[in-house]
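# Descriptive analysis of the structure
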Amino acid sequence: MTIIGSDKTTVSVATGQNDYYPLYLSIGNVHNNIWQAHCNTLALVGFLAIPKTEKKNSDDIKYRKFKKQLFHSSLSKIFVNLKPGMTTPEVTRCGDGHYRRIIYGLGPYIADYEEQVVLACMVKDWCGRYLAFPSNLDEGGVSQSCEHTDALVDSVDFGIIWDEYGIIGELVPFTNDFPRADIHELLAPDILHQLIKGSFKDHLVEWVGQYLELTHGKTRAKAILDDIDRRFSQWMGNDSKALMKVYLPAIEGHVPDDMVRAFRALLEFCYIVRVDVVMDDILAELKDALRCFHTYHTIFQTTGVCFDISLPRQHSLVHYELLIRMFGAPNGLCSLITESKHIKAVKQPWQRSSKYNALSQLLLANQHLDKITAARVDFMMCGMLKHGLVMRIQPFGELGITSFPTLICLFLYDQIHADDHHSSADVPLCDCPSYMGPIKIFHSATATFVAPSDPSGITGIIDSRSCSISD
Ligand SMILES: [Zn+2]
């Protein structure tokens with residue numbers, strides 16, 4: 001499978017048009033599922049157009065449809081080169097070391113809910129996977145499929161398709177141009193936007209605030225919220241993921257037990273979906289956490305805080321089990337990987353550009369990055385980059401020690417075998433562990449430590465300055 005991801009990003013709010021819409025692609029059968037692996041294989045394939053119009057036209061229904069159809073047509077055009085791989089099998093070495101005849105397929109597609117709406121050609125607030133009314137998404141229904149949509153388009157009025165099925169019938173999803181691809185099946189789970197930012201921060205945390213206002217009045221509620229803030233503010237700034245870890249003990253005692261239980265169930269769910277290997281017993285735990293969440297989060301309805309708990313991002317929780325069975329552990333499929341890719345592929349190149357007509361400069365920078373990566377692989381294959389360290393010659397040049405890579409290997413060997421009386425002097429260099437990670441040089445470091453019994457200091461605190469290198 002090919003993992004696709006797209007996500008609009010803003011590089012600067014200060015001057016003019018600085019939004020970019022990068023499209024990323026990765027070959028899915030990499031050796032494991034953790035997001036770092038995907039992040040490294042994710043490549044920029046292009047920038048999608050962001051059409052602009054005068055403000056008075058921006059809400060025009062025809063213009064909005066044009067924008068959406070342009071998005072789909074662009075994707076279709078970009079992926080057309082992959083089509084041969086979807087029809088003719090290719091012998092490929094898989095992650096487990098075995099060779100197989102592979103036919104590639106499109107997707108999954110990583111996108112946040114707003115973009116999923118455009119991708120699935122659906123009306124906002126509907127679910128992209130099942131036909132259920134926005135007022136009660138969790139109830140579920142028939143699976144959405146392009147086949148089903150086509151049948152509707154042939155027999156039912158566009159207005160009815162819109163109102164009754166939540167589908168924009170005039171739009172044709174790009175997946176229709178590819179074999180075995182159905183956009184409704186390819187919408188990937190997205191831990192960052194659906195669970196952490198959506199269900200946790202925008203829904204539950206918000207509702208706690210509303211509950212406190214409802215029960216205690218505005219002023220008292222503000223005091224309690226300040227107290228909750230105080231309980232965790234020393235740990236983090238604006239980071240929702242960090243907030244999750246400390247929120248539970250912070251609200252304890254301020255809200256009904258069932259609210260705490262709802263949070264606990266959601267946290268449980270989030271932690272379970274973030275494991276790297278998901279087995280059947282873990283899926284059972286996941287189901288259980290979801291059942292608890294659905295049981296306890298009704299407290300927000302019964303206390304009158306919120307009548308609408310049928311929200312698309314929160315609703316997505318019910319699809320995780322199936323999505324995990326289809327695509328593997330969602331940890332490797334989260335929009336965190338596109339967000340971190342933005343830094344290398346868009347934000348850093350933009351910083352280095354002249355900022356004028358920057359798009360072509362961004363593309364060139366990415367071409368260079370790709371070529372460097374390809375050259376590195378080629379040099380490694382030719383044996384010119386043994387231990388992968390020669391490329392990072394600069395620090396060693398700075399230190400004036402050209403044998404530094406070798407010294408690291410010997411040092412690591414001696415550290416590992418410190419207890420069993422082996423010395424790196426007795427073994428060939430190729431038996432020593434190699435180090436591939438980054439190396440940083442700190443020209444000096446200061447260590448401050450307390451040594452109360454030391455006679456050399458009046459207060460007992462000693463400063464020590466030393467030259468050091470660390471990884
Ligand atoms: Zn759904």
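## Describing the pattern of salt bridges
Applying the stated criterion to the full structure yields eleven salt bridges. A salt bridge links Glu170 to Lys65, with the nearest nitrogen and oxygen atoms 2.9 Å apart. Remark: Lys65 occurs in helix H2 (residues 61-78) and Glu170 occurs in the loop between helix H6 (158-165) and helix H7 (183-186); sequence separation between them is 105 residues. Measuring nitrogen to oxygen at the nearest pair gives 2.6 Å for the salt bridge that ties Arg291 to Asp288. Of this pair, Arg291 and Asp288 both sit in helix H12 (residues 280-296), separated by three residues, roughly a single helical turn. The exposure class of Asp288 is partly exposed, given its relative accessible area of 37%. Connected through salt bridges with shared partners, the residues Asp280, Lys287, Glu321 and Arg325 form a single ionic network.

## Description of the pairing of strand E1 (residues 2-6)
For a regular strand, side-chain orientation follows a simple rule: the groups alternate between the two sheet faces. Burial within E1 is extensive, with five of its five residues counted as buried. The side-chain alternation of E1 yields two buried faces, one formed by Thr2, Ile4 and Ser6 and the other by Ile3 and Gly5.

## Considerations on the coordination of the zinc ion
Of the protein atoms, only Cys127 (SG), His315 (NE2) and His319 (NE2) coordinate the zinc ion, at distances of 2.0 Å. Sequence spacing of the donors to the zinc ion: C-x187-H-x3-H. Highlighted residues: Cys127 in the loop between helix H4 (113-119) and helix H5 (146-155) and His315 in helix H14 (residues 312-315), separated in sequence by 188 residues. Residue Cys127 is classed as buried on the basis of its relative accessible area, which comes to 5%. Owing to a relative accessible area of 4%, His315 belongs among the buried residues under this scheme.

## Remarks on the state of the cysteines
In total, this model carries zero disulfides according to the counting rule given. Cysteine Cys121 is unpaired, with the sulfur of Cys146 as its nearest cysteine sulfur at 7.8 Å.

## What to know about the environment of Asn18
Mapped onto the secondary structure, Asn18 falls in the loop between strand E2 (9-10) and strand E3 (19-20). Take Asn18: its relative accessible area is 5%, and that puts it in the buried class. With 341 residues separating them in the primary sequence, Asn18 and Leu359 have C-alpha atoms 9.7 Å apart. If near-sequence neighbours (up to four positions away) are discounted, Asn18 is found in contact with Thr9, Thr10, Val11, Ser12 and Trp350.

## Things to note about the side chain of His184
Turning to its location among the elements, His184 is positioned in helix H7. Discounting chain neighbours no more than four positions away, the residues touching His184 are Ala120, Gly128, Arg129, Gln144, Ser145, Cys146 and Thr149.

Rules of the game
- Residues numbered from 1 in each chain as written.
- Predicted model: local features only at pLDDT ≥ 70, side-chain atom pairs only at ≥ 80, totals over all residues.
- Heavy atoms only, no water.
- Salt bridge = Lys/Arg side-chain N within 4 Å of Asp/Glu carboxyl O.
- Helix = DSSP H or I, 4+ residues; strand = E, 2+ residues; numbered from the N terminus.
- Buried < 20%, exposed > 50% of the residue type's maximum accessible area, 1.4 Å probe, protein only.
- Donors = N, O, S within 2.8 Å, 3.2 Å for Na, K, Ca; no water.
- Disulfide = S-S within 2.5 Å.
- Contact = heavy atoms within 4.5 Å.

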